[in-house]
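# Observations on chain architecture
Chain by chain, the residues:
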Amino acid sequence: MQKKLDKFCQKKEIKIKNINEIITTGFNYLPKILKNIFNSDKKERIDELMNLISDKYQEEGYFYIPQLCTLLKEKNYTESLENYLLEQCGNKMKFSLYVYWIISSYRQQDDKKLKNFLLDMEMTLVNGLKKKLSSKKNEIKTDKEIYEENMSKEFRSIYYNKCIKFYQNIKQFCENLKNLSIKERKNTLNIFLNYQNKEILNLIKREYINETSNITKGLFRGYILPFNDTESILDEDCYLIVKFDASFSQCISTKARVPCKVTFEVVKVKDLINFEEYFLDEVLLKEGRKSTISYNNDTNNINEIPLEEKKPEKKISLDEFLYNNEITINEEEEKSEEIINIKKSKKINKNLGLIKISNENRSLSTGEPPYFFANYNLINLENKYGNPFGEKWLEISQKIKNTSPYRNFPSHTVKSFIAKSDDDLRQESLAMQLIKMMQKIFTKAKLNLYLRTYEIIITSRTSGLIEFITDSISIDSLKRKTGTDLNTFYRNFFLHHFKEAQKNFAESLAAYSLVTYILNIKDRHNGNIMIDIQGKIIHIDFGFILGISPGNVGFETAPFKMTKEYVNLLDGINSEIFNYFIELLTKGFLEIRKYFDSFVKIVEIMGNNSDMPCFVGRDINLILRDLISRFHLDKNENEIKELMINLTNDSIKSWRTYQYDMYQKLTNGIKA
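Residues numbered from 1 in each chain as written. Predicted model: local features only at pLDDT ≥ 70, side-chain atom pairs only at ≥ 80, totals over all residues. Heavy atoms only, no water.

### What about the side chain of His-412?
The topology assignment puts His-412 in the loop between helix H18 (393-402) and strand S5 (413-421). The buried category is assigned to His-412, whose relative accessible area is 8%. Engagement of the side chain of His-412 in a polar contact is seen with the side chain of Glu-265, the distance being 2.8 Å. Ignoring anything within four residues of it in the chain, the contact list for His-412 reads Glu-265, Val-266, Val-267, Lys-401, Ser-404, Tyr-406 and Arg-407. (Helix = DSSP H or I, 4+ residues; strand = E, 2+ residues; numbered from the N terminus. Buried < 20%, exposed > 50% of the residue type's maximum accessible area, 1.4 Å probe, protein only. Polar contact = N/O pair within 3.5 Å; in protein donor to acceptor, adjacent residues only side chain to side chain. Contact = heavy atoms within 4.5 Å.)

The structure is reproduced here in structure tokens:
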């Protein structure tokens with residue numbers, strides 16, 4: 001097997017002989033096309049493959065912009081690649097901004113190639129030129145056509161740079177907050193957001209906007225939200241930030257940074273074309289004067305994020321922690337009566353495969369839709385814990401909507417993101433891209449495996465936006481509020497909804513166990529694991545992937561996090577729900593394995609000459625070999641069933657998981 005893996009990693013190119021054979025689904029084959037471009041030095045071959053992407057995979061291509069931008073940085077011949085990106089940028093503002101930010105985060109100061117490309121991209125966007133690929137003739141529209149079909153040159157330039165400037169201002173604002181006290185930060189955030197609201201209103205009041213195209217009218221109503229949360233890449237289908245809500249925004253105090261949770265209202269561009277029909281601020285519309293929009297500064301109902309300054313804590317290294325607790329990294333696995341070993345179960349030993357679920361409880365079958373609370377407002381909050389999740393997002397959204405001048409727009413909704421500075425989010429973005437690929441695989445296979453994917457936008461090498469996960473709380477915060485373990489909390493909080501919540505937990509735990517194992521994610525403490533209001537588990541913060549770990553100690557060795565607390569919540573290893581969890585692990589793994597080469601290709605492209613932490617100072621071939629080995633390509637389906645049981649068993653009995661939680665509790669105060 002090892003020779004097969006080495007041969008795979010050393011293979012320079014997986015050839016695509018017949019292009020017509022791969023025109024099926026972009027999700028499955030685009031990584032193969034990109035890898036062929038990555039490995040090829042032939043101009044004709046690269047042109048052929050780029051034309052294929054242009055003709056067949058424009059929508060899917062948006063998902064792989066990070067890889068396209070990486071190829072632009074690494075390849076010597078990039079004419080057709082540049083022309084493809086310029087062609088898309090010629091009439092897509094959101095696409096252009098996304099490409100601009102990714103390339104800016106990769107580009108070194110002295111990189112003239114990428115600097116010139118960014119200039120060409122802006123010129124293409126401003127002038128409305130739509131370049132074709134190198135094997136096609138360039139098409140230049142007349143001034144009249146450009147004026148009629150696209151925004152005016154003045155509009156393109158102003159709007160493009162205003163959006164860039166806006167997100168740069170957010171980055172600078174977060175950096176400046178570090179110099180202010182806790183009390184000053186909230187007031188300063190309110191002032192900043194209210195100023196941005198005035199800037200949006202100034203965009204709305206521009207007189208010449210009515211002389212431009214419909215898309216222009218829609219775009220010039222707010223700032224583009226670069227989240228890829230719609231299936232379309234057309235500007236008319238993307239969301240614009242039309243108003244910030246200071247009441248439900250706040251600064252988050254951490255030891256090193258001051259990120260901000262920013263809440264805002266969005267409306268789709270196509271709805272904003274008919275602005276006057278839906279907008280409710282009559283003073284602004286009729287007189288063009290000061291808006292009647294009010295900004296409420298009441299902060300009583302903000303979703304809880306601790307704002308208190310923490311007392312300086314004595315720093316302790318992991319080595320010191322292990323020494324003080326008489327633990328060594330090379331110590332054999334400790335056997336304890338408290339450790340649960342799946343192999344001790346006669347029920348499991350009797351059948352090394354999966355225990356069949358009886359027909360009496362078909363609600364646990366993977367062939368049926370997962371449990372979702374039809375209305376999570378029906379959850380009984382008459383319990384001793386109250387509502388540790390804080391005010392429900394549905395209620396917050398409704399409060400904002402009730403007083404919004406945009407409330408009549410069909411696509412009006414409320415969103416939040418965490419704005420960060422002094423933080424490199426490129427690796428986080430790569431991890432989320434791979435997680436999204438897994439979620440697509442689960443969805444396509446109709447498996448009840450839940451992953452809460454969220455948007456991560458890189459706005460520079462040291463800043464970005466992370467979509468806020470609503471109606472959720474970290475396990476650390478949950479334990480602080482309730483003072484109890486997960487099993488007790490679930491049973492007393494969800495009450496008659498417990499079975500649904502337990503099933504949600506099992507389905508999400510299985511999905512994130514696969515993610516953790518395949519991507520070899522570390523630093524899985526209770527500050528990085530969330531529980532949502534429907535009982536689903538959600539992992540966040542992917543700063544340590546593909547085997548790297550805090551301090552490069554490599555202390556966490558379990559395949560995934562599976563604590564005794566989790567087992568108890570699943571009614572023990574002999575329960576039906578626990579075996580449902582094992583069943584989901586097996587089926588999910590088998591589906592992911594079908595696409596193993598797509599994951600390998602993405603990692604290989606992104607790891608080439610990369611300065612991301614997971615690649616720096618490491619042999620990319622070794623990283624790929626380790627990644628491939630975790631797919632167990634040499635095992636058949638029956639062997640995979642036994643493998644999942646063994647991986648779960650190893651995770652449950654790992655004393656290192658418990659000791660890492662204890663280390664985090666001692667050094668960072670994170671509840672175990």
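### So, helix H7 (residues 93-106)
Between its terminal C-alpha atoms H7 stretches 20 Å, which fits the 20 Å expected from 14 residues at 1.5 Å a residue. Counting buried positions along H7 gives 13 out of 14 residues, so the element sits mostly inside the fold. (Expected span 1.5 Å × (residues − 1).)

### Looking at the sheet that holds strand S8 (residues 472-474)
Strand order across the open sheet formed by three strands is S8-S9-S10, with antiparallel pairing between neighbours. Strands with a single pairing partner mark the edges of an open sheet, and in this sheet they are S8 and strand S10 (537-539). For this sheet, the mean angle separating the axes of adjacent strands, direction not counted, is 35 degrees. Note that strand S9 (residues 529-532) and S10 share three bridges and pair antiparallel. Each bridged residue has a counterpart across the sheet, and for Ile-531 the counterpart in S10 is Ile-537. Sitting on the sheet, helix H20 (residues 475-482) is in contact with S8 and S9, with an inclination near 90 degrees to S8. (Pairing = 2+ DSSP bridges. Axes fitted to C-alpha atoms, helices over the stretch in contact; angles between N-to-C directions.)

### Some words on the nonpolar core
Ranked by size, the top nonpolar core spans 184 residues in total, and within it Ile-241, Phe-417, Tyr-490 and Met-562 carry the most contacts. Looking at which element gives the most residues to this core, the answer is helix H22 (residues 498-519), with 13 residues. With residues up to four places along the chain from it excluded, the contact list for Met-562 reads Leu-509, Val-567, Leu-570, Phe-578, Phe-581, Thr-648, Ser-651 and Ile-652. Ranked by size, the runner-up nonpolar core spans five residues in total, among them Phe-248, Trp-393, Ile-396 and Ile-400. (Core = buried A, V, L, I, M, F, W, Y, C linked by side-chain atoms within 4.5 Å.)

### Focus: the pattern of salt bridges
All told, the structure shown has 27 salt bridges when counted by the stated rule. Across the pair Lys-73 and Glu-74 runs a salt bridge, and its minimum N-O distance is 2.4 Å. A relative accessible area of 23% places Lys-73 in the partly exposed class. You can call Glu-74 partly exposed: its relative accessible area is 22%. The salt bridge partner of Lys-587 is Glu-583, with a shortest N-O separation of 3.2 Å. One end of the pair is Lys-587 and the other is Glu-583, both in helix H24 (residues 576-593) and four residues apart, which spans about a single turn. One connected set of salt bridges, linked through shared partners, spans Asp-424, Arg-426, Arg-461 and Asp-611. (Salt bridge = Lys/Arg side-chain N within 4 Å of Asp/Glu carboxyl O.)

### Concerning unusual backbone geometry
Its identity as a non-glycine residue notwithstanding, Asp-471 has a phi of 50 degrees, on the positive side. Secondary-structure assignment places Asp-471 in the loop between strand S7 (463-467) and S8. Phi is positive for Asn-609, close to 55 degrees, though the residue is something other than glycine. Within the secondary structure layout, Asn-609 lies in the loop between helix H25 (596-607) and helix H26 (620-629).

### Observations concerning the packing of aromatic side chains
Tallying each qualifying case throughout the model produces 27 aromatic pairs. Relative to Phe-244, the ring of Phe-166 lies with its centre 5.7 Å away and its plane at 40 degrees, an arrangement referred to as tilted. Here Phe-244 lies in strand S2 (residues 239-244) and Phe-166 lies in helix H10 (residues 153-177), a separation of 78 residues in the sequence. Residue class for Phe-166 comes out buried when judged on its relative accessible area of 1%. With centroids separated by 6.4 Å and ring planes inclined at 55 degrees, the aromatic side chains of Phe-389 and Phe-489 adopt a geometry described as tilted. Here Phe-389, found in the loop between helix H17 (346-350) and H18, pairs with Phe-489, found in helix H21 (residues 486-493); they are 100 residues apart in sequence, far enough to count as distant. Taken together, the aromatic side chains of Trp-101, Phe-166, Tyr-167, Tyr-223, Phe-244, Phe-264 and Phe-417 make up a single cluster linked through ring pairs. Of note, Lys-440 hangs over the ring of Phe-63, and the distance from its end group to the ring centre comes to 3.9 Å. Directly above the ring of Tyr-450 sits Lys-536, whose terminal nitrogen or CZ lies 4.8 Å from the centroid. (Phe/Tyr/Trp six-rings, centres within 6.5 Å; stacked < 30°, edge-to-face > 60°. Lys NZ or Arg CZ within 6 Å of the ring centre and 35° of its normal.)

### Re H24
The end-to-end C-alpha separation of H24 is 26 Å, in line with the 26 Å expected for 18 residues at 1.5 Å each. Within H24, 16 of the 18 residues are buried, which leaves it mostly tucked inside the rest of the structure. Looking at where H24 begins, the residue whose side-chain oxygen comes 3.0 Å from the main-chain nitrogen of Phe-578 is Ser-575.

### A short note on the pairing of S9
Of the two faces of S9, the one holding Ile-529 and Ile-531 and the one holding Met-530 and Asp-532 are both buried throughout. Relative to S9, S8 is paired through three bridges, and the arrangement is antiparallel. Bridging across to S9, Ser-472 finds its partner in Asp-532. If you look at the hairpin formed by S9 and S10, you'll find four residues sitting between the two strands, and Gly-535 has a positive phi there, around 90 degrees.

### With respect to the environment of Glu-500
Looking at the secondary structure, you find Glu-500 in helix H22. Here Glu-500 falls in the buried class, since its relative accessible area comes to 17%.

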